[in-house]
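# Coordinate inspection notes
What follows is each chain in one-letter form.
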Amino acid sequence: MENVKILVVDDEKNILESVKMVLNYEKYNVQVAGDGVGAIDLFKKFLPDIVLLDVKMPGLDGLKVLRTFKELNPIAEIIMISGHSGIEEAVEASRLGAFDFLEKPISRDKLVLTVRNAAEKISLLKENFNLRH
């Protein structure tokens, strides 16, 4: 999975470090951002396939950042993460095109499985695009 690029966005440094460590171990190419504004800048440069995005952050919240990411690249898969969001945020994230929703503390197994599923979907979309062209 070395060719799959993942951006992790969270204002909690320990979450960034632990998620990056797990995904690096799984051989993904991972970058991290600590806030929404930095994440949007990095998204434009790094062009990730998958984003793990915290819902509650100071400044730009995750739902606003999700909207921007989907405008920049509708095919990127966005996995929302949160420790204190309600069903309303999960429903809104799904409506905006989020792939899945993970609750903190993030289970390592659930993280790996969800990212693997998103990577498979992206692989199929790219293969389909290549076959059509």
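Everything discussed here concerns the structure shown above.
Worth saying up front: this structure is predicted, and the values here are computed from it rather than measured.

With that settled, the discussion passes to the overall build of the protein chain. Looking only at helices and strands, one finds five helices and five strands in the protein chain. Ordering the α and β elements of the protein chain from the N terminus gives β-α-β-α-β-α-β-α-β-α. The buried share among the 133 residues of the protein chain stands at 44%. Long-range pairs, those at least 24 residues apart, make up 65% of the contacts in the protein chain with a sequence separation of at least 6.

Take Glu 127: it is sitting in helix H5 (residues 108–132). Counting along the chain gives 28 residues from Glu 127 to Phe 99, while the straight-line C-alpha distance between them is 19 Å.

The next thing to look at is the packing of helix H2 (residues 36–46) against helix H3 (residues 62–72). Running from N to C, H2 and H3 point in directions that differ by 10 degrees, and their axes come no closer than 10 Å. For the element pair H2 / H3, the angle class is roughly parallel. Handedness of the H2/H3 crossing: right-handed. When H2 is examined against H3, the residues Gly 36, Ala 39, Ile 40, Phe 43 and Lys 44 are found in contact with a partner set consisting of Val 65, Thr 68, Phe 69 and Leu 72. Residue composition of the contact of H2 with H3, by class: six nonpolar, two polar and one charged.

Definitions and cut-offs
In this convention, every chain numbers its residues from 1, walking through the sequence in written order. The predicted nature of this model means local features are confined to residues of pLDDT at least 70 and side-chain atom pairs, given and counted, to a pLDDT of 80 or more, with totals for whole chains, interfaces and linings taken over all residues. Note that water and hydrogens are dropped before the side-chain values are worked out from all heavy atoms of the structure. Numbered from the N terminus, helices here are DSSP runs of H or I no shorter than four residues, and strands are runs of E no shorter than two. In this scheme, a residue with accessible area under 20% of its type's maximum is buried, one over 50% is exposed, and one in between is partly exposed, where area comes from a 1.4 Å probe on protein chains only. Every residue pair with non-hydrogen atoms within 4.5 Å of one another is taken to be in contact. Inter-axis angles, ranging from 0 to 180 degrees, are taken between N-to-C directions of lines fitted to C-alpha atoms, where helices are fitted over the stretch in contact. Between 65 and 115 degrees an angle is taken as roughly perpendicular, under 35 as roughly parallel, over 145 as roughly antiparallel, and anywhere else as oblique. Helix crossings get a hand from a simple test, with the near helix turned counterclockwise from the far one by less than a right angle marking a left-handed crossing and a clockwise turn marking a right-handed one. When residue character is reported, Ala, Val, Leu, Ile, Met, Phe, Trp, Tyr, Cys and Pro are called nonpolar, Asp, Glu, Lys and Arg charged, and the others, Gly included, polar.

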